Amino acid sequence: MVGKRLQASRFVAPPDDDDSTIDYFYDVPGSMPGTLSIEPDAPHPVIVLIDYNEHTATRLQVETPEECAPHLDTESVSWVDVKGLGSEDILKRLGAVFTLHPLVLEDIVNVPQRPKVEEYEGQLLIIAQMVMLRRSGKSFLTEQVSLILGKHYLLTVQEEPEHDCFASVRERIRLNKGTIRKHNADYLAYTLLDSIIDGFFPILERYGEEIEDLESEVVADPTRQTLEKIHKIKRDLLTLRRSIWPQRDAINSLIRDGSDLISDEVRVYLRDCYDHAVQVLDMVETYRELASSLMDVYLSSVSNRMNEVMKFLTIVSTIFIPLTFIAGVYGMNFNTEKSPFNLPELNWYWGYPLCWTVMVTIAAILVVFFKRKGWFENFSTTSNRD
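For every chain, the first residue of the written sequence is number 1, and numbering continues from 1 along that sequence. Local features in this predicted model are restricted to residues of pLDDT 70 or higher, and side-chain atom pairs are both shown and tallied only at a pLDDT of 80 or more, whereas totals for entire chains, interfaces and linings draw on every residue. Excluded from the side-chain calculation are hydrogens and water; included are all heavy atoms of the structure.

Topic: the overall build of the protein chain
Okay, step 1: Only DSSP runs of H or I with at least four residues qualify as helices, and only runs of E with at least two residues qualify as strands; both kinds are numbered from the N terminus onward. Of the regular secondary structure elements, the protein chain holds nine helices and nine strands.
Okay, step 2: Evaluated residue by residue, the protein chain yields a buried proportion of 44% over its 386 residues.
Okay, step 3: When contacts within the protein chain are restricted to residue pairs at least 6 apart in sequence, long-range pairs at least 24 apart make up 71% of them.
Okay, step 4: Per element, the accessible surface of the protein chain, about 20600 Å² overall, is 55% carbon and sulfur. Here the term buried applies to any residue with accessible area under 20% of the maximum for its type, exposed to any over 50%, and partly exposed to those in between, with areas from a 1.4 Å probe on protein chains only. By definition in these notes, contact holds between two residues if any of their heavy atoms fall within 4.5 Å. Only the protein chains shown count as cover for residues, with accessible areas throughout obtained via the Shrake-Rupley method and a probe of 1.4 Å.

This is the structure in structure tokens:
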């Protein structure tokens, strides 16, 4: 029996207007531990081996997992990067080469998993959520990255072969920039985690700019589309929060729990990575509060706009009430021959112009009165929006 998930979780670039949140994988009750669930449209695995030390670095694209075996016990650092989860056979052979526990292989394949850290015999499993901006810049993609740290190797498994935020790390290894080639595999694991955490900042910067634009829009011209934008931002920020919150805890456990695979020197670097994760979480929480306040401002703006409309209609109605009264009085049927009280003004030579003069004067007096009361102050913006 294979596992099931709350929604299709394989990495597929959905439309830009998609605002789905992360739903973690769950197994069918009673299924066997270590059961793998392979999506039929998952990309075929691409295996890239980067083997380096302080003096040399080589990059190979291997065809089978067995080709990686000779590099695992050498003194150099071997980074095996697997991109794609579309072959159960290759993944099981990969598990055999790296002697992965069945539960480790299950967490790697059955995505998405909640970010976490688990220690096994001679290995350390780190599950992380990576986020990247779409090419359009309108939203972001999420992808699970699994890191299995050994003494001299690091195995990373990604959901698809096209997107990741590790290009700068590969370039540093290739060009021997910094100190990455002078350290062991635990420093490489830290570097990748740091790249994943830093990948949140460009996304949060974009959402900060979007919230600033929405603040002006909500105050000046709130529309139905404005409400939809606010709702989408809140959903996206919730997805970011669900990604970074457990990730922060996972990094903290790497620092707090003493693992033989992580040196004290790297643990110091991980503290800096933890600080970045806390900073990301603080920004996410701040933007969520701003998005919630935008909803309140939107409701207030709509209410104020309705009040302005009602005030305008009230003024118009108030001005025309006495005019309607005069027109109604003179619209009645009178017979001046029966009584002089039957509206003798009907027989006046200047009666019609005088009636108009009285009505215009009453309207002008009311307009001046309302203007002095300040009722016309905000009508310019209301009329512009309409």
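Comments concerning helix 5 (residues 200–220)
Okay, step 1: To estimate how far a helix should extend, the number of its residues minus one is multiplied by 1.5 Å. With 21 residues, helix 5 ought to run about 30 Å at 1.5 Å a step, and its terminal C-alpha atoms sit 31 Å apart, in line with that.
Okay, step 2: Buried positions along helix 5 lie against strand 7 (123–133), strand 8 (140–149), helix 4 (185–198), helix 6 (224–256) and helix 7 (264–330).

Let's talk about the sheet that holds strand 3 (residues 46–52)
Working definition: the strands of a sheet are paired by backbone hydrogen bonds and lie parallel or antiparallel to each other.
Okay, step 1: Spatially, seven strands are ordered 4-3-5-9-8-7-6 in an open sheet, and the strand pairing comes out mixed. Of all the strands in the sheet, just strand 4 (57–62) and strand 6 (116–120) have a single pairing partner and so form its edges. Pairs of neighbouring strands in the sheet enclose a mean axial angle of 20 degrees, with direction left out of account.
Okay, step 2: Two strands make a pair as long as DSSP finds a minimum of two bridges between them. Two elements, strand 8 and strand 9 (residues 153–158), share five bridges in a ladder whose sense is antiparallel. Bridge assignment links L147 to a residue of strand 9, and that residue is T156. Axes here refer to lines fitted to C-alpha atoms; in helices the fit is confined to the stretch in contact. Angles between the N-to-C directions go from 0 to 180 degrees.

Structural notes on the nonpolar core
Okay, step 1: Within the largest apolar cluster, 59 residues are counted, with the highest numbers of intra-cluster contacts made by L188 and L240.
Okay, step 2: When residues in this core are grouped by element, the largest group, twelve residues, is from helix 7.
Okay, step 3: Apart from the residues lying within four places of it in its own chain, the contact partners of L240 are V131, F140, F200, I203, L204, Y207 and V284.
Okay, step 4: Definition of nonpolar core: a set of buried residues of the types Ala, Val, Leu, Ile, Met, Phe, Trp, Tyr and Cys, connected through side-chain atoms within 4.5 Å. If you look at the next biggest cluster of nonpolar residues, it comprises 26 residues, including I90, F98, I148 and V157.

A closer look at a nonpolar patch on the surface
Okay, step 1: Taken together, M306, M310, F312, L313, V316 and F320 make up a surface patch of nonpolar side chains, about 570 Å² in accessible area.
Okay, step 2: Residue position: F320 is located in helix 7. Residues enter patches when their relative accessible area tops 30% and they take part in no salt bridge; the joining distance is 9 Å for like charges and 5 Å for the nonpolar side chains Val, Leu, Ile, Met, Phe, Trp and Tyr. Basic side-chain nitrogens of Lys or Arg form a salt bridge, by our definition, when they fall within 4 Å of a carboxyl oxygen of Asp or Glu.

So, the confidence of the model for the protein chain
For residues with low pLDDT, the predicted coordinates do not support detailed interpretation.
Okay, step 1: Taken as a whole, the protein chain shows an average pLDDT of 84; of its residues, 88% reach a score of 70 or greater.
Okay, step 2: Across residues 1–20, where pLDDT falls below 50, the model places 66 contacts with residues more than four positions away in sequence or in other chains.
Okay, step 3: Confidence of the predictor at the level of single residues is captured by pLDDT, which takes values from 0 to 100. pLDDT under 50 marks residues 380–386. Its contacts with residues more than four places away, or in other chains, come to six contacts.

Focus on the packing of helix 3 (residues 167–175) against helix 4
Okay, step 1: Following both chains from N to C, one finds helix 3 and helix 4 inclined at 145 degrees, their axes separated by 9 Å at the closest point. Every residue of helix 4 that contacts helix 3 at V169, R172 and I173 is listed here: Y187, L188, T191, L192 and S195.

Structural notes on the environment of T314
Okay, step 1: Checked against the element boundaries, T314 lands in helix 7.
Okay, step 2: Two N or O atoms form a polar contact when they lie within 3.5 Å of each other; inside protein one atom must be a possible hydrogen donor and the other a possible acceptor, and for residues adjacent in sequence the pair counts only when both atoms belong to side chains. Of note is the side chain of T314, whose polar atom sits 2.7 Å from the backbone oxygen of M310.

Focus: the packing of helix 5 against helix 7
Okay, step 1: At a minimum axis distance of 10 Å, the contact between helix 5 and helix 7 shows a crossing angle of 15 degrees. Comparing the axis directions of helix 5 and helix 7 gives the class roughly parallel. At the point where helix 5 passes helix 7, the crossing takes the left-handed sense. Touching F200, F201, L204, G208, I211, L214, E215, V218 and V219 of helix 5 are H276, Q279, V280, M283, V284, Y287, L290, L294, V297, Y298 and S301, all from helix 7.
Okay, step 2: Residues are grouped as follows: Ala, Val, Leu, Ile, Met, Phe, Trp, Tyr, Cys and Pro are nonpolar; Asp, Glu, Lys and Arg are charged; all remaining types, including Gly, are polar. Looking at the contact of helix 5 with helix 7 residue by residue, the class counts come to 15 nonpolar, four polar and one charged. Throughout, the term roughly parallel applies to angles under 35 degrees, roughly antiparallel to angles over 145, roughly perpendicular to angles from 65 to 115, and oblique to all others. Note on convention: near helix rotated counterclockwise from far helix by under a right angle means a left-handed crossing. Clockwise means right-handed.

Comments concerning the pairing of strand 9
Okay, step 1: Judged by how many residues are buried, strand 9 sits mostly within the fold: six of six residues are covered.
Okay, step 2: The alternating pattern of strand 9 places Y153, L155 and V157 on one face and L154, T156 and Q158 on the opposite face, and all of these are buried.
Okay, step 3: Pairing between strand 5 (residues 77–83) and strand 9: six bridges, direction parallel. For S78, the partnering residue across the bridge sits in strand 9 and is Y153.
Okay, step 4: Between strand 8 and the antiparallel strand that follows it, strand 9, lie three residues.

What about the environment of E289?
Okay, step 1: Relative to the helices and strands, E289 is located in helix 7.
Okay, step 2: For E289, a relative accessible area of 57% translates into the label exposed.
Okay, step 3: The spatial distance from the C-alpha of E289 to the C-alpha of K234 is 9.2 Å, given a sequence separation of 55 residues.

Brief notes about the pairing of strand 5
Okay, step 1: For strand 5, a buried count of seven out of seven residues is recorded, marking the element as mostly surrounded by other parts of the structure.
Okay, step 2: Of the two faces of strand 5, the one lined by V77, W79, D81 and K83 and the one lined by S78, V80 and V82 are each fully buried.
Okay, step 3: The sheet contact formed by strand 3 and strand 5 spans seven bridges and is antiparallel. Its bridge partner being in strand 5, Y52 is matched across the sheet by V77.

Thoughts on the packing of aromatic side chains
Okay, step 1: Aromatic rings from Phe, Tyr and Trp, with only the six-membered ring used for Trp, were paired whenever their centres fell within 6.5 Å, and each pair was classed as stacked if the ring planes differed by under 30 degrees, edge-to-face if by over 60, and tilted otherwise. Tallied over the full model, the rule gives six aromatic pairs.
Okay, step 2: Between W79 and F166, the aromatic rings sit 6.3 Å apart at their centres with planes inclined by 70 degrees, giving edge-to-face as the arrangement. One end of the pair, W79, is in strand 5; the other, F166, is in the loop between strand 9 and helix 3, with 87 residues separating them in the sequence.
Okay, step 3: Judged by its relative accessible area of 0%, F166 is buried.
Okay, step 4: With a centroid separation of 5.3 Å and 35 degrees between ring planes, the pair formed by Y190 and Y269 is classed as tilted. Of this pair, Y190 sits in helix 4 while Y269 sits in helix 7; the two residues are 79 residues apart in sequence, bridging distant segments of the chain.
Okay, step 5: For Y269, a relative accessible area of 29% translates into the label partly exposed.

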